[in-house]
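Inside the fold
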Amino acid sequence: RSPWTARDAIVPLPEAEAVASARARAPAPQSPVNTHPFRFVVAGDGPEESALRRRIRIAGVEHLFELRGYVPDLAPVLADCDVLLVTSSNEGIPLTILEAFATARPVVAGRAGAIGEVLDENTGMPIDQHGDEAAAFAEALAALRNDPDLRRRMGIEARRRVELHHDRRRVLQLYKDALTPCARR
């Protein structure tokens, strides 16, 4: 893998319109690391897809987007990307964040809903969702793009955390421990 692959940021479809806006407004970061083409891989389909395609075309950033549509298994797509970007403003804890952590990928996401319960400055870049959010998302992506060591450190910590707190065996044991006293009654 090159330091920054052609498939850099994976974006769930509902959030991709905000990304199109952010990327269209942000200047390309200047760095010797920034020699590989940058692309957003958009995973998902739905009623927003045609509007997103139109917005991308109008912004003149078609070359920056790869719209994949419905993706039944996100793990290989995440493994081929460098970062997950989640721009939604209303969330619980998106499963895609935990999936990105499982593939040792950092996450850039707004501090919406319960996202802050899993994402912090050690596992990615939480974005305050007030003011110029598009610029904040673009700056976070540029910072990660220009610092492969930071991406790697955040990815390692993200993987460690998902294994520690969200491993299936651990969760099953927690349920078993919680339900065993009930079964004895």
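Per-chain numbering applies: the sequence of each chain, read as written, is numbered from 1 onward. At least 70 in pLDDT is required for a residue's local features to be given in this predicted model, at least 80 for side-chain atom pairs to be given and counted, and no such filter applies to totals for whole chains, interfaces and linings, which use all residues. Excluding hydrogens and water, the side-chain figures rest on all heavy atoms present in the structure.

A few points about the packing of aromatic side chains
Note on aromatic pairs: each is described by the distance of the centres and the angle between the planes. Two aromatic rings from Phe, Tyr or Trp, using only the six-membered ring of Trp, form a pair when their centres are within 6.5 Å; if the ring planes differ by under 30 degrees the pair is stacked, by over 60 it is edge-to-face, and anything between is tilted. Per the counting criterion, the structure on display carries 1 aromatic pair. Relative to phenylalanine 65, the ring of phenylalanine 40 lies with its centre 5.1 Å away and its plane at 25 degrees, an arrangement referred to as stacked. Placement of the pair is phenylalanine 40 in strand E2 (residues 40-43) and phenylalanine 65 in strand E3 (residues 65-69), with a sequence separation of 25 residues. Just as phenylalanine 40 is buried, phenylalanine 65 falls in that class too. Here a helix means four or more residues in a row that DSSP labels H or I, a strand means two or more in a row labelled E, and each is numbered from the N terminus. The buried label goes to any residue with under 20% of its type's maximum accessible area, the exposed label to any with over 50%, and the partly exposed label to all in between, with areas taken from a 1.4 Å probe on protein chains only.

Considerations on the nonpolar core
Across soluble globular proteins, nonpolar side chains show a tendency to be buried alongside one another. Definition of nonpolar core: a set of buried residues of the types Ala, Val, Leu, Ile, Met, Phe, Trp, Tyr and Cys, connected through side-chain atoms within 4.5 Å. Counting residues in hydrophobic clusters, the biggest one holds 20 residues, and the most contacted among them are Leu84, Ile97, Phe101, Val107, Ala109 and Ile115. The element best represented in this core is helix H4 (residues 95-102), accounting for 4 residues.

A few points about unusual backbone geometry
Its identity is not glycine, yet alanine 104 carries a phi of approximately 60 degrees, on the positive side. By the secondary structure assignment, alanine 104 is in the loop between H4 and strand E5 (107-110).

Quick look at helix H7 (residues 168-184)
A helix's residues, less one, multiplied by 1.5 Å, set its expected span. Its 17 residues give H7 an end-to-end C-alpha distance of 24 Å, which sits within 8% of 24 Å, the value for a rise of 1.5 Å per residue. Two axes define the bend at a residue: one fitted to the seven residues ending there, one fitted to the seven starting there, and the bend is the angle between them. At alanine 178, H7 is deflected by roughly 30 degrees, the largest bend along its length, and proline proline 181 occurs up to four residues later in sequence.

A look at the packing of H4 against helix H6 (residues 148-166)
Across the interface, H4 lies against H6 with an axial gap of 7 Å and an inter-helix angle of 115 degrees. Between H4, through Leu98, Phe101 and Ala102, and H6, the contact on the second element is made entirely by Ala158, Arg159, Val162 and His166. Classes in brief: Ala, Val, Leu, Ile, Met, Phe, Trp, Tyr, Cys and Pro nonpolar; Asp, Glu, Lys and Arg charged; the others, Gly included, polar. Tallied by class, residues from the contact of H4 with H6 come to 5 nonpolar, 1 polar and 1 charged. For helices, the fitted axis covers only the stretch in contact; all axes are lines through C-alpha atoms, and the angles between them, taken along N-to-C directions, range from 0 to 180 degrees. Here a residue-residue contact requires only that any non-hydrogen atoms of the pair lie within 4.5 Å.

Description of the pattern of salt bridges
The working definition used for a salt bridge is a side-chain nitrogen of Lys or Arg within 4 Å of a carboxyl oxygen of Asp or Glu. Per the counting criterion, the structure on display carries 8 salt bridges. A salt bridge links arginine 111 to aspartate 128, with the shortest nitrogen-to-oxygen separation between them at 2.8 Å. Taken together, the residues span a long stretch of sequence, with arginine 111 in the loop between E5 and strand E6 (124-127) and aspartate 128 in the loop between E6 and helix H5 (133-145) at a distance of 17 residues. Owing to a relative accessible area of 40%, aspartate 128 belongs among the partly exposed residues under this scheme. A salt bridge links glutamate 163 to arginine 159; the nearest nitrogen and oxygen atoms lie 2.6 Å apart. Placement of the pair is glutamate 163 and arginine 159 together in helix H6, with a separation of 4 residues, close to one helical turn. What makes glutamate 163 partly exposed here is its relative accessible area of 42%. The partly exposed category is assigned to arginine 159, whose relative accessible area is 35%. Look at the salt bridges and you will find they share partners, linking Asp120, Glu157, Arg160 and Arg161 into a network.

Concerning the environment of glutamate 117
Here glutamate 117 is to be found in the loop between E5 and E6. Between the alpha carbons of glutamate 117 and isoleucine 93 there is a distance of 7.7 Å; along the sequence they are 24 residues apart.

So, the side chain of glutamate 66
Among the structural elements, glutamate 66 can be located in strand E3. By relative accessible area, glutamate 66 is classed as buried at 17%. Identification of polar contacts relies on pairs of N or O atoms within 3.5 Å, with a donor-acceptor requirement for protein atoms, meaning one able to donate a hydrogen and the other able to accept it, and with residues adjacent in sequence counted only if both atoms are side-chain atoms. A distance of 2.5 Å separates the side chain of glutamate 66 from the side chain of arginine 68, its partner in a polar contact.

Some thoughts on the pairing of strand E4 (residues 83-86)
Where burial is concerned, the two faces of E4 agree: the one with Val83 and Leu85 and the one with Leu84 and Val86 are both buried. Relative to E5, E4 runs parallel, the two sharing 3 bridges. Pairing of leucine 84 across the sheet is with valine 107, part of E5. For the handedness criterion, the strands are oriented away from the viewer, and a crossover whose path from the first strand over the helix to the second runs clockwise is classed as right-handed. Once you follow E4 into H4 and on to E5, the crossover reads as right-handed. Two strands qualify as a pair provided DSSP detects at least 2 bridges between them.

Purely geometric stuff here, so don't read any function into it on its own.
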